[in-house]
Amino acid sequence: MANIPMEHGLLLAGVLFSIGLTGLLVRRNIIFMLLSIEVMLNAAGLAFVVAGSRWGAPDGQVMFMFILAMAAAEVAVGLALVLQMYQKYKTLDVDSASKMRG
Amino acid sequence: MTVVFYLSAAVAIISTVLVITRLHAVHALLYMIISLLAVAIIFYTLGAPFIAALEVIVYAGAIMVLFIFVIMMLNLGHKSVEQERLILRPADWIGPVVLAVVLGAEFFYMVLTGTPQSVTGNPVEPQAVGASLYSTYLLGVELVGMLLLAGLVGAYHLGKKLK
């Protein structure tokens, strides 16, 4: 990289990941928890692209595409679970679903 | 280009902090879209234009629309008209608009002044990404296809009404 050191890109990815992790641990609303997971996946993808850009290799971008597809599949299943949970408990608070008996 | 990178990084961090601190899910989604657009500009400055486009189309487009769709389906507020009025309050959308204007200014700055040669980082052309994706990572593509199919079947199964 000509002007931007790789550390700054990785630092940004780390900060975004930490914010996502904090949100996941702090919030109890399941929609916000899913959003925090999206933030974390996006930050991981950013780290891959930064590293790929450092060495001019396409591998980082390929990995980002895999993460993208994984995030799409995860969010589809996760949101279906949100709908199911809301039908059953009439709330989005994950602490209400602490029993595993169906 | 260096300025664009650091400005987008600041926008991304600010909007992501605002995502996890909002009380209303729709407000959080507005900031989440801003955050994804900021990361897309960062990808562009890092020399990954194809990934920047994918970030906007798939993340900010498809996945966020899925979130909004589910929030609307849940119809969380009982007084939805009252809630709609609250959503349209200027105090709620002025923050995302300001951050979006910053990103838009960066975009026009890059379109008007920057050429693809002036990106920081080593640019990787979409052709190289495609060639690598369908040669070295062919097995990964197959696995991702199966994962998406599993996600489709799982979402369909879980989305059925409870008996």
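This text goes with the structure placed above it.
In this report, we go over the structure that sits alongside the text. (Residues numbered from 1 in each chain as written. Chains lettered and ligands numbered in written order. Predicted model: local features only at pLDDT ≥ 70, side-chain atom pairs only at ≥ 80, totals over all residues. Heavy atoms only, no water.)

Re the overall build of chain B
Note the cut-off: A run of DSSP states H or I qualifies as a helix once it reaches four residues; a run of E qualifies as a strand once it reaches two. Both are numbered from the N-terminal end. Think of it in three bands: with a 1.4 Å probe and only protein chains considered, a residue is buried below 20% of the maximum accessible area for its type, exposed above 50%, and partly exposed in between. We call two residues contacting when some pair of their heavy atoms lies within 4.5 Å. For the area figures, the Shrake-Rupley method with a 1.4 Å probe applies, and any residue is considered shielded solely by the protein chains shown.
Across its full length, chain B holds seven helices and zero strands. Each helix and strand of chain B, ordered N terminal to C terminal, gives the series α-α-α-α-α-α-α. Burial status across chain B gives 39% buried among its 163 residues. Long-range pairs, those at least 24 residues apart, make up 71% of the contacts in chain B between residues at least 6 apart in sequence. With an accessible surface of roughly 9,100 Å², chain B has 75% of that area assigned to carbon and sulfur atoms.

Things to note about a nonpolar patch on the surface
Residues and elements named next belong to chain B. Heads up, the condition is: To count toward a patch, a residue needs a relative accessible area over 30% and no salt bridge; like charges are then connected within 9 Å, while nonpolar side chains (Val, Leu, Ile, Met, Phe, Trp, Tyr) are connected within 5 Å. Salt bridges are defined by distance alone: a side-chain nitrogen of Lys or Arg within 4 Å of a carboxyl oxygen of Asp or Glu.
A contiguous nonpolar surface patch, about 500 Å² in accessible area, is contributed by Leu-30, Trp-93, Ile-94, Val-97, Val-98 and Val-101. Among the elements that take part in the nonpolar patch, helix 5 (residues 90-113) stands out by supplying five residues, more than any other. With respect to the element layout, Ile-94 can be found in helix 5. Since its relative accessible area comes to 43%, Ile-94 is described here as partly exposed.

Regarding the packing of aromatic side chains
The geometry of an aromatic ring pair is captured by two quantities: the separation of the ring centres and the angle between the planes. Where we set the bar: By convention, a stacked pair of Phe, Tyr or Trp rings (six-membered ring in the case of Trp) has centres within 6.5 Å and planes under 30 degrees apart, an edge-to-face pair has planes over 60 apart, and any other such pair is tilted. Any Lys NZ or Arg CZ found within 6 Å of a ring centre and within 35 degrees of that ring's normal is scored as a charge over the ring.
Taken as a whole and assessed by the stated rule, the structure comprises four aromatic pairs over all chains. Here A:Phe64 and B:Phe43 contribute two aromatic rings whose centre-to-centre distance is 5.1 Å and whose plane-to-plane angle is 75 degrees, an arrangement assigned as edge-to-face. Taken together, the positions of A:Phe64 in helix 3 (residues 59-89) and B:Phe43 in helix 2 (residues 25-45) put the pair across two chains. Just as A:Phe64 is buried, B:Phe43 falls in that class too. Consider the rings of B:Phe107 and B:Phe108, whose centres lie 5.8 Å apart with planes at 70 degrees: the pair is edge-to-face. For B:Phe108, a relative accessible area of 53% translates into the label exposed. The side chain of A:Arg27 reaches across the aromatic face of A:Phe32, ending 3.9 Å from its centre. One Lys or Arg, A:Arg54, reaches over the ring of A:Trp55 and ends 5.1 Å from the middle of that ring.

With respect to the interface of chain A and chain B
Heads up, the condition is: Buried area: the sum, over both parts, of the accessible surface (1.4 Å probe) that disappears when the two are put together. Here the term charged refers only to Asp, Glu, Lys and Arg, the term nonpolar to Ala, Val, Leu, Ile, Met, Phe, Trp, Tyr, Cys and Pro, and the term polar to all other amino acids, Gly among them.
Contacts between chain A and chain B engage 58 residues on the former and 61 residues on the latter. Summed over both partners, the interface of chain A with chain B buries about 5,300 Å², with 79% contributed by carbon and sulfur atoms. Across the chain A-chain B interface, the total number found is zero salt bridges. Every element with two or more residues in the side of chain A that touches chain B is listed here: helix 1 (6-26), helix 2 (30-55) and helix 3 of chain A. Its residues assigned to classes, the side of chain A that touches chain B comprises 41 nonpolar, 12 polar and five charged.

Here's the deal with the side chain of A:Gln61
Relative to the helices and strands, A:Gln61 is located in helix 3. Look past the residues within four positions of A:Gln61 in its chain and what remains in contact with it is B:Gly47, B:Ala48, B:Ile51, B:Val124 and B:Val129.

Structural notes on the packing of helix 3 of chain A against helix 6 (residues 126-133) of chain B
Quick reminder of the rule: Here an axis means a line fitted to C-alpha atoms, over the contact stretch when the element is a helix, while the angle between two N-to-C directions is reported on a 0 to 180 degree scale. Roughly parallel refers to an angle under 35 degrees, roughly antiparallel to one over 145, roughly perpendicular to one between 65 and 115, and oblique to any angle outside these ranges. Two helices cross in a left-handed way if the nearer one is turned anticlockwise from the farther one by less than a right angle. They cross in a right-handed way if the turn is clockwise.
Between helix 3 of chain A and helix 6 of chain B, whose axes approach to 9 Å, the crossing angle comes to 70 degrees. Taken together, helix 3 of chain A and helix 6 of chain B sit at an angle that is classed as roughly perpendicular. In this structure, helix 3 of chain A meets helix 6 of chain B at a crossing whose hand is right-handed. Only B:Val129, B:Ser132 and B:Leu133 of helix 6 of chain B make contact with helix 3 of chain A, whose side of the interface consists of A:Gln61, A:Val62, A:Met65 and A:Phe66. Residues that form the contact of helix 3 of chain A with helix 6 of chain B fall into these classes: five nonpolar, two polar and no charged.

Some words on the nonpolar core
Short version of the rule: We call a set of buried residues a nonpolar core when its members are Ala, Val, Leu, Ile, Met, Phe, Trp, Tyr or Cys and they connect through side-chain atoms within 4.5 Å of each other.
Counting 76 residues, the largest nonpolar core has A:Ile31, A:Leu46, A:Val82 and B:Phe67 as the members making the most contacts within it. Those elements that provide at least two residues to this core are helix 1, helix 2 and helix 3 of chain A together with helix 1 (2-21), helix 2, helix 3 (49-74), helix 5 and helix 6 of chain B. In terms of residue count, the dominant contributor to this core is helix 3 of chain A (14 residues). Other than its neighbours up to four places away in sequence, A:Leu46 contacts A:Gly9, A:Leu12, A:Ala13, A:Leu16, A:Phe64, B:Val39, B:Ile42, B:Phe43 and B:Leu46.

Looking at helix 3 of chain A
Counted only if it meets this: One less than the residue count of a helix, multiplied by 1.5 Å, gives the span that helix is expected to have.
Under the 1.5 Å per step criterion, the end-to-end length of helix 3 of chain A is 44 Å for 31 residues, consistent within 8% with the ideal 45 Å. Directly after helix 3 of chain A, the chain includes A:Lys90, whose backbone phi takes a positive value near 55 degrees.

Remarks on the pattern of salt bridges
All names here are of chain A. In the structure shown here, the tally under the stated rule is one salt bridge over all chains. One salt bridge in this structure joins Arg-28 and Asp-95, with 3.7 Å as the shortest N-O distance. Note that Arg-28 is positioned in the loop between helix 1 and helix 2 and Asp-95 in the segment after helix 3, a separation of 67 residues in sequence. Asp-95 gets classed as partly exposed once you look at its relative accessible area, which sits at 44%.

On their own, these measurements won't tell you what the molecule is for.
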